[in-house]
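Letter by letter, the chains look like this.
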Amino acid sequence: MWRYVLKRVLLALPVLLGVSVVVFVAIRLIPGDPAQIMAGQAATEEVVRQIRQSLGLDQPLPVQYLYFLRSVVRGDLGRSLFNGAPVVEELRQRFPRTVRLALASMVVASLIGIPAGILAATRHLSWLDTLVMLVALVGVSMPVFWLGLNLILVFSVRLQWLPAFGYETWRHLLLPSFTLGAASAAIVARMTRSSMLEVLGQDYIRTARAKGLAERVVVNRHALRNALIPVVTVLGLQLGTLLSGAVLTETVFAWPGIGRLLVDAVLARDYPIIQGATLLIAATFVALNLAVDLLYGLLDPRIRYE
Amino acid sequence: MSVRSLLLVSVAAVLAVAVGLPAASGPATPAPRPGGTLIIGRGVDSVTLSPYASASPDAEVISHVAETLYQLTPEGRIEPLLAERLPQVSPDGRSMTIRLRRGIRFHDGTPFDAAAVKWNFDFILNPENRAPFRAILLGEVTSVDVVDAYTVRLNLRRPFVPLLAHLTHDFLAIHSPTAVQRAGGMRPPTGEPYGRQPVGTGPFRFREWVRGDRIVLERNPDYWGPRKPLLDQVVFRAIPDDGARVLALEGGQIHVAVRVPPRETTRLALNRALRIDRTSSVRTIYIAFNNQKPPFTDPRVRQAFNYAVNKRAIVQTVLGGAARVSDAPISPGIVGYSPIQPGGWPYDVERAKRLLAEAGHGAGLNVTLLHPTGRYVQDAAVAAAVQAQLRAAGINARLQTMEWAAYLSYTNQPVDRTPVEMFMLGWGTVTGDADYGLFSLFHSSQWAPAGFNRFFYRNPQVDQLLEEARAITDPARRAATYKQAMELIWRDAPWLFLHSESQVTGLRREVQGLVVHPTERVLAHTAWLAR
């Protein structure tokens, strides 16, 4: 298995290199000059030129890229063009907050999605099944902005139970993680339901029932474990999406995570932050995919890693 | 008349010219109560709290921590702050001597004196340090002398009267030289690492900054000024989403919400726990014509566009009244402002059509109107309204928008290369002096990309008047010169004159004594929280 892990890690290197090239070139191709933005709209051409020079933005692209790559290898992602802070430090501050939010949303998605999916599958074609799937449809379609603002309106403004922004305590986490996790919960519910339905139709389930096992045991012990394999895949991919796609939630709840950092950086053309953040997100995706693949083995002992 | 009394008169004249700008303090209330934490929610975080600052969210925080030699009151008056009195200008106008207050200490305990002032100005003046506002604020200053422990002299290239207004700017606030060195200095472009932990003489001391989230200031118990700070803490929180910021205000999690969207004001006005403050700002919004590109080379065409747009209707409907129709190229509250056409450029579609016909465009006109989205209050909606109104005069304007960073570069190309015809932009006269609002925009030496005349306006008479005004110490004559220049600009119509923005701020009822300054800063220096 360790050979397999090592192989996957080595395979990830060209992926990350590719990501870095694409991002590096793409952000420099879009119009908008960081030196101009930094100097403000009132700055003279002279000032802008000086800033561009001091940032090394007057060098040819390949030269800039090689400098960048050299620093990355040394573990240095440069400094933010705008506040001068080291990118590594910014990421170290911001990323854990987003991870916390994403993990909490995963918990929300699993706690709501999996039981809802099981419920729908075991009551297949009943009114409950229809209701769960309808709610799931609404959950997937609901804009994050709309849901977030409404949750704030009800729980922060009217009831005054939970804070509208901030990130320090678990109470701060409730509204944003529900907002972010709602769509994932819906996806997980639908996935669990269909996977569960498939498994429940298998021969070994009929055997289990024929043995006279209680339906609860059949569902929880025999069906669920096998039905969870595709659900784990979905959850793993969802976590990646949650980590990189938390921008809207982070904006609504003023959550200073990596999503907002990245969007602000794109708007300000803060190249080092954009490069650092996308590399980190890409690396996280790769790592998550690997983790999901390894999890299969735990859920299904037939799966072996070569 | 001595130079000093001249300056005193000039301040008095400024007072007379300035239009009353309401501060955000509420109606008559009980005696100020010390203590408490005031939380101000704003859309963005600061970038740096050092002389490398370049925007009002930075200036707003700096102003609480580090002070300037002079201050611009919300009414547009210039008053001494760290200086003892108004400066003495030499007879040739080429030096300015400033007496400083004694007995003031920085938050780190080191004394505030002439050496500290010189250190600060020398730092900004040194081109190697690349302070972004050096050229704009201190461009005419050649050197700074320490006359004695509490007197400094600024030497100028040429007489430059706007300098006094520039000295009120927060980017020229005096920071503790010892603290700068102790923090490890200031590096361009943003004054790191000192820029994260400023030390000044102000009513509040810097305490903590969690980037992207909050800046916390605490009361300076040893504040030197006559009006002591009352709040224990002032917290600036970054809440980027407009809707969420307003909800946080309604829920009582913040006390002040800056930049409340106009569409929310009617609803918030019904909430008895809240108050809405509208303070006009020094930011003028305009649509510039490319004055060197047909059909806009013809002043009749430019005037026709101005006649064709109903600015009053736009302010009332699109902006919910949160703006003031421009009656001059700059707005009230700026030293040197006077109304050129009270009520703004008249709305007269027939006249517009006639002018267009005279200019040979009777059959109609196709133009492209470029505008930002989300940079100014309701900018895209304003552009759409302008487009609709132009149609009535036979002008077919195609709207084009792009994201701000691209927009800035796109509109900043030299005259022989720029593709722009008409574009919307705003200008905040942050120095509070007409020079910055007029010279930087309308003087022909400022054509893009060297300066901010991105619409390539040139009128030799205007050039001359704007140059002259820089050296006139007599305030009445200076104001008259600016008036003359603005009259010419108005008649030439290099812009479609729109409006100046109001700052719409939401406050909880208990907030007292807060000042929303026309230079787009919320100031809590003397604020307090009622029970």
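What counts, and at which threshold
- Residues numbered from 1 in each chain as written.
- Chains lettered and ligands numbered in written order.
- Predicted model: local features only at pLDDT ≥ 70, side-chain atom pairs only at ≥ 80, totals over all residues.
- Helix = DSSP H or I, 4+ residues; strand = E, 2+ residues; numbered from the N terminus.
- Buried ≥ 20, exposed ≤ 12 C-beta atoms within 10 Å, placed from the backbone.
- Rg over C-alpha atoms; globule rule 2.2 N^0.38 Å.
- Contact = placed C-beta atoms within 7 Å.
- Axes fitted to C-alpha atoms, helices over the stretch in contact; angles between N-to-C directions.
- Parallel < 35°, antiparallel > 145°, perpendicular 65-115°, else oblique.
- Left-handed = near helix turned anticlockwise from the far one by under 90°.
- Nonpolar A, V, L, I, M, F, W, Y, C, P; charged D, E, K, R; others polar.
- Pairing = 2+ DSSP bridges.
- Arc of directions from axis to C-beta.
- Core = buried A, V, L, I, M, F, W, Y, C linked by C-beta atoms within 7 Å.
- pLDDT = per-residue confidence, 0-100.

Caption draft 1: Main features of the overall build of chain A. For chain A, the helix and strand inventory stands at 13 helices and 0 strands. Reading the helices (α) and strands (β) of chain A from amino to carboxyl end gives α-α-α-α-α-α-α-α-α-α-α-α-α. Based on the C-alpha atoms only, the size of chain A along its principal axes is roughly 85 × 55 × 30 Å. Counting across all 306 residues of chain A, residues that qualify as buried make up 40%.

Caption draft 2: The arrangement of the overall build of chain B in detail. Helix and strand counts for chain B stand at 16 helices and 23 strands. Since a compact globule built from 531 residues should have a radius of gyration of about 24 Å, the 23 Å found for chain B is in line with a globular shape. Counting only C-alpha atoms, chain B reaches 75 × 60 × 40 Å along its principal axes. A buried classification covers 55% of the 531 residues belonging to chain B. Contacts in chain B between residues far apart in sequence, at least 24 positions, make up 72% of those at least 6 positions apart.

Caption draft 3: Looking closely at the packing of helix α5 (residues 87–122) of chain A against helix α13 (residues 271–299) of chain A. Residue and element names in this part refer to chain A. Interaxial distance between α5 and α13 falls to 10 Å at its minimum, and their mutual angle equals 50°. Here α5 is positioned oblique relative to α13, judged by the angle of their axes. Regarding α5 and α13, the two cross each other, and that crossing is right-handed. Judged by residue contacts, Val87, Glu90, Leu91 and Phe95 of α5 engage Pro272, Ile273, Gly276, Ala277 and Leu280 from α13. Of the residues in the contact of α5 with α13, the class split is 7 nonpolar, 1 polar and 1 charged.

Caption draft 4: Structural view of the sheet that holds strand β5 (residues 95–99) of chain B. Residue and element names in this part refer to chain B. Strand order in the open sheet formed by 4 strands is β4-β5-β7-β6, with antiparallel pairing between adjacent strands. Lying at the two open borders of the sheet, with one neighbouring strand each, are β4 (88–89) and β6 (141–148). Two strands pair when backbone bridges link them, and β6 and strand β7 (residues 151–156) are joined in this way by 6 bridges, in the antiparallel orientation. The residue bridging Ser143 from the neighbouring strand is Asn155, located in β7. With respect to the sheet, helix α3 (residues 114–125) is in contact with β6 and β7, its orientation differing from that of β6 by roughly 170°.

Caption draft 5: Representation of the environment of Arg207 of chain B. Residue and element names in this part refer to chain B. Mapped onto the secondary structure, Arg207 falls in strand β10 (residues 204–210). Once the C-alpha coordinates of Arg207 and Gly426 are considered, the two residues, 219 residues apart in sequence, prove to be 34 Å apart. Leave out the neighbours within four places in its chain, and Arg207 touches Val216, Leu217 and Glu218.

Caption draft 6: Region of the structure containing helix α15 (residues 460–469) of chain B. All names here are of chain B. When we look at burial in α15, the residues that qualify are Val462, Leu465, Leu466 and Ala469. Summarising the axial view, the buried residues of α15 lie within an arc of 95°, below the 170-degree limit, and thus occupy one face. The inward-facing, buried residues of α15 contact α14 (434–442) and α16 (475–492).

Caption draft 7: Seen up close, the interface of chain B and chain A. Taken together, the contact between chain B and chain A spans 41 residues of the former and 41 residues of the latter. Looking at the side of chain B that touches chain A, the elements that each hand over two or more residues are α4 (134–138), β12 (233–238), α7 (242–250) and α13 (404–410) of chain B. Take the side of chain B that touches chain A: its biggest share by element is 6 residues, from α13 of chain B. Residues of the side of chain B that touches chain A, tallied by class, amount to 21 nonpolar, 11 polar and 9 charged.

Caption draft 8: Broad picture of the packing of helix α9 (residues 203–210) of chain A against helix α10 (residues 215–244) of chain A. Residues and elements named next belong to chain A. Across the interface, α9 lies against α10 with an axial gap of 10 Å and an inter-helix angle of 145°. Our pair here, α9 against α10, has a crossing hand that is right-handed. Counting all contacts with α9, which are made through Tyr204, Ile205, Ala208 and Arg209, the residues of α10 involved are Val218, His222 and Ala223. Split by residue class, the contact of α9 with α10 holds 5 nonpolar, 1 polar and 1 charged.

Caption draft 9: Structural context of the nonpolar core. Residues Ile40, Ala244 and Ile287 of chain B are the most contacted members of the largest nonpolar core, which totals 237 residues. Per element, the largest residue contribution to this core is 13 residues, and it comes from helix α8 (residues 170–200) of chain A.

Caption draft 10: Focus on unusual backbone geometry. Residues and elements named next belong to chain B. Residue Pro295 is reached from Pro294 by a cis peptide bond, and omega for that bond is 5°. Within the secondary structure layout, Pro295 lies in the loop between β14 (274–289) and α9 (299–308). That bond from Ala448 to Pro449 is cis: its omega, 0°, falls within 30 degrees of zero. As for its placement among the helices and strands, Pro449 is situated in the loop between α14 and α15. Phi is positive for Glu520, which is not a glycine, with a value near 65°. Residue Glu520 is classed as buried on the basis of its 21 C-beta neighbours within 10 Å.

Caption draft 11: Fine view of the pairing of strand β19 (residues 495–508) of chain B. All names here are of chain B. Across the 14 residues of β19, 14 count as buried, placing the element largely inside the fold. Bridging between strand β13 (residues 256–257) and β19 involves 2 bridges; their strand directions are antiparallel. Considered in β19, the bridge of Val256 is made with Leu507. Direction of pairing for strand β15 (residues 323–325) relative to β19: antiparallel, over a ladder of 3 bridges. Considered in β19, the bridge of Ala323 is made with Glu501.

Caption draft 12: Representation of the pairing of strand β11 (residues 214–219) of chain B within the structure. Residues and elements named next belong to chain B. Pairing between β10 and β11: 6 bridges, direction antiparallel. Its bridge partner lying in β11, Trp209 is registered against Ile215. Between the end of β10 and the start of β11, which pair antiparallel, lie 3 residues, with Gly212 showing a positive phi angle near 80°.

Caption draft 13: Molecular detail of the confidence of the model for chain A. Of the residues in chain A, 97% reach a pLDDT of 70 or more, and the chain-wide mean stands at 86. Here helix α2 (residues 34–39) of chain A stands out as the element of chain A with the lowest mean pLDDT, 73, in contrast to α5 of chain A, whose mean of 92 is the highest.

Caption draft 14: The environment of Val263 of chain A, seen in detail. Residues and elements named next belong to chain A. Of note, Val263 is situated in helix α12 (residues 258–268). By the C-beta count within 10 Å, which is 17 here, Val263 ends up partly exposed. Along the chain, Val263 and Thr251 lie 12 residues apart, while their C-alpha atoms are 9.8 Å from each other.

Caption draft 15: Main features of the confidence of the model for chain B. Residue and element names in this part refer to chain B. With 94% of its residues at a pLDDT of at least 70, chain B reaches an overall mean of 90. Segment residues 1–27 is flagged for pLDDT under 50; beyond a separation of four residues in sequence, or across chains, it makes 59 contacts in the model. In the predicted assembly, ipTM is 0.75 and pTM is 0.83.

Caption draft 16: The arrangement of the environment of Tyr407 of chain B in detail. All names here are of chain B. Positionally, Tyr407 belongs in helix α13. With 37 residues separating them in the primary sequence, Tyr407 and Leu370 have C-alpha atoms 8.7 Å apart. Discounting residues that sit within four places of it in the chain, Tyr407 has contacts with Pro372 and Met402.

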